[in-house]
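Understanding the architecture of this molecule
What follows is each chain in one-letter form.
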Amino acid sequence: MRWRAPSSRALVLALPFLWLGLFFLAPFLIVAKIAVSEAALGIPPYAPVARWTDQGALALVLNLENFTLLIEDSFYLDAYLRSVRVAGISALICLLLGYPMAYAIARAPEARRNVLLLLVILPFWTSFLLRIMAWIGLLADNGVINNILLALGIVSEPVRLLYTDAALYLGIVYCYLPFMVLPLYANLVKLDPVLLEAASDLGARPWRAFLAVTLPLSLPGILAGTMLVFIPAVGEFVIPELLGGPDAQLIGRVLWTEFFTNRDWPMASALAVVLLLLLVLPIAWFQHLQGRATEGR
Amino acid sequence: MSRRLGRIWIALGVGYAFLYIPIALLVVLSFNDSRLVTIWTGFSFRWYVALWRNDALVNAAVLSIRIAAVAATGATVLGMAAGFALARFGAFRGRGLFGAMVAAPLVMPEVITGLSLLLLFVALAESVGWPGERGLTTVTIAHTTFATAYVAVVVQSRLSDFDRSLEEAALDLGARPWQVFALITLPLIAPALAAGWLLAFTLSLDDLVIASFTSGPGASTLPMVVFSALKLGLTPELFALATVIIVVVSAGLLLALRLGRVASARAGG
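Residues numbered from 1 in each chain as written. Chains lettered and ligands numbered in written order. Predicted model: local features only at pLDDT ≥ 70, side-chain atom pairs only at ≥ 80, totals over all residues.

1. Description of the overall build of chain A
A tally of helices and strands in chain A yields 13 helices and two strands. Computed over the C-alpha atoms, the radius of gyration of chain A is 25 Å, more than 25% above the 19 Å expected from 2.2 N^0.38 for a compact globule of 297 residues. For the C-alpha atoms alone, the extent of chain A along its principal axes is close to 85 × 75 × 35 Å. Classification of the 297 residues of chain A by burial places 42% in the buried group. Long-range pairs, those at least 24 residues apart, make up 67% of the contacts in chain A with a sequence separation of at least 6. (Helix = DSSP H or I, 4+ residues; strand = E, 2+ residues; numbered from the N terminus. Rg over C-alpha atoms; globule rule 2.2 N^0.38 Å. Buried ≥ 20, exposed ≤ 12 C-beta atoms within 10 Å, placed from the backbone. Contact = placed C-beta atoms within 7 Å.)

Structure below.
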């Protein structure tokens, strides 16, 4: 359909463009501004960057202290590194668990695929917090797993499962697994079985055919799924807070504490700016994959 | 080959077990009579009664549903426009920026989105005097914004594998573009819009982090109340709440699946 009238076309575009510009893009500029302002007592708790001096001139007061502190204080640097590591390992576990699932669903009879896929998505539609709560019920000192272990006499006193790194990884993998399976499935279902037959006719064993044909062709799905897990997981707050130990100081949790507990808005903003800089490349890459996926249809 | 496929099915089974054991646990323990949630003493409905009488949870649920309904509707309108522009407008000026603004919220860590929106609301309140106080309105705007991206993706992908011959036929027969949109395009993408609305509704209902940043005193959404309760420990009412949500969502999805089957059977495919 040609949209000959430019006015209706412009209107369709302007509405989401302006909305996202105002409520998604503009806020980042404000974050950047507040990151270079000084913390102050008051509402809101920061000092203006641009001030009128006594002589009536406009002065810009840039406070880069927050950023120097971020580099010098190993607490923040460690939090960034730990977040990236936790998110990376979680994405890898999701891939190892999700790939066979996506593969099996893509190879299932066509009539079954929707139901199988729905079963992967269904947990995602139920409350995320309450599913985390289920893991607390399983892992706590008086939780279900410890009760079973005690009743069977395998252990004599409860094993510490909750508030450990294992619980943290479990929670992240559990919550983000659907985000890995969906793009992988979308990719694998389009794979032409003829290619695998050809490989097999040429004498490739199934495992070799998988490595030579399926795996390389599913690379876009692997990348999209990894990004969908990795990027949000780097900034994850709820799972480290509820399942991780006190030392699971991931950057989302640190930012939350700076903001809500210490009421240091400029510091929280500086943390957000650096987190965003860290994620700009992965996000740009994800967007590139998204764009290619839709053009390729 | 069949043995290998067998192993693949085992992997699928393990995956589903991993996804569903915690959910089954929520349902089973919600019927536990004991106040100590994880120690089974007997079958009881008492925590459902307690949930119904828990004003803090019920009020928060009502507030969350109101926010989610408005945010999902707003996000569906904005997301439809955005998805339409991306799928149909070809190369236009600012497409790169627009595409980035639509795709980025899908992966943006919630703490960044939440903090930046709050700072925007504070800056707006200082410069133009709006919003006077944060609460229902600001959370609704925040949820509309991030849910728009999800709706846009759903609509865009529906439009890109969509048979355009019907639209072209209507145009050839003299229909105006808006008539074609209202009579042909809209009904054909309606399932995607419904799916997008439901997705946006669920995302809004489920969001803790962005709501915590953008809400104000006196407007606590359901996840905010659940989160502060969870910080103090497990309570049986929360297990009852989880079960109610699981039942409603499963029923809704089954219904959607059935309706989808009926619709595709009618369409002859």
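What follows continues from the structure just given.
2. Some remarks on the overall build of chain B
Scanning chain B from terminus to terminus reveals eleven helices and zero strands. Its helices and strands in sequence order give chain B the pattern α-α-α-α-α-α-α-α-α-α-α, from N to C terminus. Expressed as lengths along the three principal axes of its C-alpha atoms, the size of chain B is roughly 70 × 65 × 35 Å. A total of 269 residues make up chain B; the buried ones form 45% of that total. Put simply, of all contacts in chain B between residues at least 6 apart along the chain, 77% involve residues at least 24 apart.

3. Let's talk about the interface of chain A and chain B
With 77 residues of chain A at the interface, the matching set in chain B holds 74 residues. Residue composition of the side of chain A that touches chain B, grouped by class: 60 nonpolar, 13 polar and four charged. (Nonpolar A, V, L, I, M, F, W, Y, C, P; charged D, E, K, R; others polar.)

4. Details of the environment of Met108 of chain B
All names here are of chain B. Within the fold, Met108 resides in the loop between α4 (95-107) and α5 (110-128). We classify Met108 as buried; it has 22 C-beta atoms within 10 Å. For the pair Met108 and Phe146, spaced 38 residues apart in the sequence, the C-alpha separation amounts to 9.2 Å.

5. Digging into unusual backbone geometry
In this structure, the amide linkage connecting Trp130 of chain B to the following residue, Pro131 of chain B, adopts the cis form with an omega of -5°. Considering the arrangement of structural elements, one finds Pro131 of chain B in the loop between α5 and α6 (136-160).

6. Some words on the packing of helix α5 (residues 128-139) of chain A against helix α10 (residues 222-232) of chain B
Each packed pair of helices is defined by two parameters, the angle between the axes and the distance between the axes. At a minimum axis separation of 10 Å, α5 of chain A and α10 of chain B run at an interaxial angle of 20°. By the angle class used here, α5 of chain A and α10 of chain B are roughly parallel. Along this stretch, α5 of chain A crosses α10 of chain B, giving a crossing that reads as left-handed. Counted together, Leu129, Leu130 and Met133 of chain A of α5 of chain A and Pro223, Val226, Phe227 and Leu230 of chain B of α10 of chain B form the full contact between these two elements. Split by residue class, the contact of α5 of chain A with α10 of chain B holds seven nonpolar, no polar and no charged. (Axes fitted to C-alpha atoms, helices over the stretch in contact; angles between N-to-C directions. Parallel < 35°, antiparallel > 145°, perpendicular 65-115°, else oblique. Left-handed = near helix turned anticlockwise from the far one by under 90°.)

7. So, the domain arrangement of chain B
Per the domain assignment, the segments making up chain B are domain 1 (1-27) and domain 2 (31-266). Its C-alpha centre places domain 1 of chain B at a distance of 29 Å from the equivalent point of domain 2 of chain B. (Domains from an automatic or database assignment.)

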